[in-house]
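# Report on the structure
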Amino acid sequence: MTANPGGSLVLLNPGPACTSDRVRAALGRGDWCHREPEFSELLASIRSGLTRVLNVADTHEAIVVTGSGTSAMEMAVISAVRADRSILVVRNGVYGDRLAGIAEVHGITVHSVGGAWTDPADPQAVRAALAEHPDVDAVAVVQHETTTGLVNPVGAIGRIAREAGVLMVVDAISATAIEDEGHEDLNADIICGTANKGLHGLPGISFILCSHRGIERLQEVPVRSLYLNADTYLTGQRKGDVPFTPAVQVCFALDEAIRELEERGGVAARVAEYKERAALVRAGLARLGLEVLIPAEHRSNSISMIYLPEGISYPELHDALKADGFVIYAGQGDLAKTFFRVATMGELPLSTLERFLTSLETAISKIRAGR
Ligand SMILES: Cc1ncc(COP(=O)(O)O)c(C=O)c1O
């Protein structure tokens, strides 16, 4: 075993993603105390940077939390629903199910709008469910279901939620800076994001972005968690404080990643780059005769859920590619028997993706030849 077995691997999993030298170097800015003014300045820079790059500076405020993306989801769900009210969850993948699971753990009544994992959510089904359940206080939906690489029509669902007078929570964790040029058209009141996917930061920091209505709501809900109470964070962060010890060095990296994003043309340029990557990978897959599960018009700009080549298992393909420096990703649960996933997130030049396609072709031939 080498000291850093993952050191030179190209990560084609949906985060944590490969980062630039500049972002990784930011980890070494130093040892800081989070109760000192320099940390308050860093926090202010991250909070304003997030809303600025995501085009919601006039409408939303950021709350930064130390934890993985699921902590932002949990903070969002428990902040959106008042006592004795319920949540309507759109479920067409693992992360929709997780939003519902979080609500259940906290004793919040869940109504669901289901659907096949290959089909985008139907906004009219959301409208019907809202009419059927007048106790609903918030709709929750995943923008990009990382499970399959499917994009949901969040903007349309948000308009319906607004008309019905309920809040909308969006898990944009794998969509931020990848699927849209900003979050202003989502019509969302609480948006969950994370540092280590489209923003190209490191794992350990996530955030929610709250509209004015969202902020009003988080002040009306009962306190359901000591660690994840959004109102405590917001009150503190407006003054430059954090309630608990933050991942200081991961904040350095996120701050640097936001600067890097802006210097490279902002989210519009990044979305264009992700589209180019997806086109390159999907053209290569088609050349190899490999099919992607989700129809082209509903696919995300980052994930391809691909049928395994005939007669080849996921572990065989994974190990052959890893030996050549590429980490692919399994389907979740039973999907691992039929599919593999390729995510093109993070610092990933097109030339690396071209090398990956060659490696994939070689791996398939070698596995077949070895039989
Ligand atoms: C859409 C979505 N939501 C939530 C999460 C959970 O994030 P984490 O694993 O950082 O808790 C992920 C992780 O991949 C995701 O893709």
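Everything numeric in this text was worked out from a predicted model, so none of it was measured.

Cut-offs applied
- Residues numbered from 1 in each chain as written.
- Predicted model: local features only at pLDDT ≥ 70, side-chain atom pairs only at ≥ 80, totals over all residues.
- Heavy atoms only, no water.
- Near = heavy atom within 4 Å.
- Polar contact = N/O pair within 3.5 Å; in protein donor to acceptor, adjacent residues only side chain to side chain.
- Areas by Shrake-Rupley, 256 points an atom, 1.4 Å probe, with all protein chains shown as cover.
- Helix = DSSP H or I, 4+ residues; strand = E, 2+ residues; numbered from the N terminus.
- Nonpolar A, V, L, I, M, F, W, Y, C, P; charged D, E, K, R; others polar.
- UniProt positions renumbered as here; feature names shortened; annotations may be inferred.
- Expected span 1.5 Å × (residues − 1).
- Contact = heavy atoms within 4.5 Å.
- Pairing = 2+ DSSP bridges.
- Domains from an automatic or database assignment.
- Buried area = accessible area lost by both parts, 1.4 Å probe.
- Buried < 20%, exposed > 50% of the residue type's maximum accessible area, 1.4 Å probe, protein only.
- Salt bridge = Lys/Arg side-chain N within 4 Å of Asp/Glu carboxyl O.

### Some details on the site of the ligand
Taken together, 13 residues sit near the ligand, with S68, G69, T70, T146 and D171 positioned nearest. The side chain of S68 places a nitrogen or oxygen atom 2.5 Å from an oxygen atom of the ligand. A distance of 3.5 Å separates an oxygen atom of the ligand from a polar atom in the side chain of Y95. In isolation the ligand exposes 390 Å². Once the protein is present, 86% of that is buried. Among the elements that make up the shell around the ligand, the one with the highest residue count is helix 3 (residues 69–80) (three residues). The residue inventory of the shell around the ligand, partitioned by class, reads four nonpolar, six polar and three charged.

### Structural notes on the UniProt feature "domain: Aminotransferase class V" (unreviewed entry) in the protein chain
Per the UniProt record, "domain: Aminotransferase class V" (unreviewed entry) is annotated on residues 34–332. Regarding residues 34–332, the helix share stands at 42% and the strand share at 18%, and the terminal C-alpha atoms are separated by 38 Å.

### Observations regarding helix 10 (residues 266–287)
For helix 10, with 22 residues, the first-to-last C-alpha span of 32 Å sits near the 32 Å given by 1.5 Å per residue. Residues of helix 10 that are buried sit in contact with helix 2 (37–53), helix 9 (248–263), strand 11 (303–307), strand 14 (339–343) and helix 12 (350–369). Downstream of helix 10 by a residue or two, G289 has a phi angle that is positive, lying close to 75 degrees.

### Structural notes on the pairing of strand 4 (residues 109–113)
Examined bridge by bridge, strand 3 (residues 86–90) and strand 4 share five bridges and lie parallel to one another. Bridge pairing in strand 4 places L88 opposite H111.

### What about the environment of D137?
When you line up the elements, D137 lands in strand 5 (residues 136–142). Residues D137 and G69 lie 68 residues apart in sequence; the distance between their C-alpha atoms is 23 Å. Excluding its chain neighbours within four sequence positions, the residues that come into contact with D137 are A80, V81, R82, R85, S86, V166, L167 and R217. Side-chain polar atoms of D137 contact the side chain of R82, separated by 2.7 Å.

### Description of unusual backbone geometry
Looking along the chain, the bond that leaves G15 and enters P16 is cis, with omega of -5 degrees. When you line up the elements, P16 lands in the loop between strand 1 (10–11) and helix 1 (21–26). Here H200, not a glycine, exhibits a phi torsion of approximately 65 degrees, which is positive. Mapped onto the secondary structure, H200 falls in the loop between strand 9 (190–194) and strand 10 (205–211).

### Let's talk about the domain arrangement of the protein chain
Interfaces are frequently sized by the accessible area removed from exposure as the parts join. Taken domain by domain, the protein chain holds domain 1 (10–14 + 266–369) and domain 2 (22–263). Each of domain 1 and domain 2 was reduced to a C-alpha centroid, and the two centroids are 27 Å apart. In this complex, domain 1 contributes 24 residues to the contact, which on the side of domain 2 involves 28 residues. Summed over both sides, the interface between domain 1 and domain 2 buries roughly 2100 Å², with carbon and sulfur atoms accounting for 59% of that surface. For domain 1, the biggest contributors to the area lost against domain 2 are V267, R270 and Q332; these three give 28% of the whole. The tally of links between domain 1 and domain 2 comes to 13 residue pairs in polar contact (both at pLDDT 80 or more). For the side of domain 1 that touches domain 2, the elements supplying multiple residues, two or more each, are helix 10 and strand 11. The leading source of residues in the side of domain 1 that touches domain 2 is helix 10, at seven residues. A per-class count over the side of domain 1 that touches domain 2 returns twelve nonpolar, seven polar and five charged.

### Details of the side chain of S206
With respect to the secondary-structure elements, S206 resides in strand 10. Side-chain polar atoms of S206 contact the backbone oxygen of G67, separated by 3.2 Å. At a separation of 3.0 Å, a polar atom in the side chain of S206 contacts the main-chain carbonyl oxygen of S68. Ignoring anything within four residues of it in the chain, the contact list for S206 reads I63, V64, V65, G67, S68, G69, S71, A72, G193 and T194.

### Some details on the pairing of strand 2 (residues 60–66)
Of all seven residues that make up strand 2, five are buried, and the element is covered over most of its length. Here strand 2 pairs with strand 10 via seven bridges, running antiparallel. Its bridge partner lying in strand 10, E61 is registered against C210.

### What to know about the pattern of salt bridges
All chains considered together, the criterion is met by 22 salt bridges. Taking the shortest distance from any N to any O, the salt bridge between D255 and R29 comes out at 3.3 Å. Note that D255 is positioned in helix 9 and R29 in the loop between helix 1 and helix 2, a separation of 226 residues in sequence. Note on D255: relative accessible area 3%, which makes it buried. Notably, a salt bridge pairs R277 with E273, separated by 2.8 Å at the nearest N-O pair.

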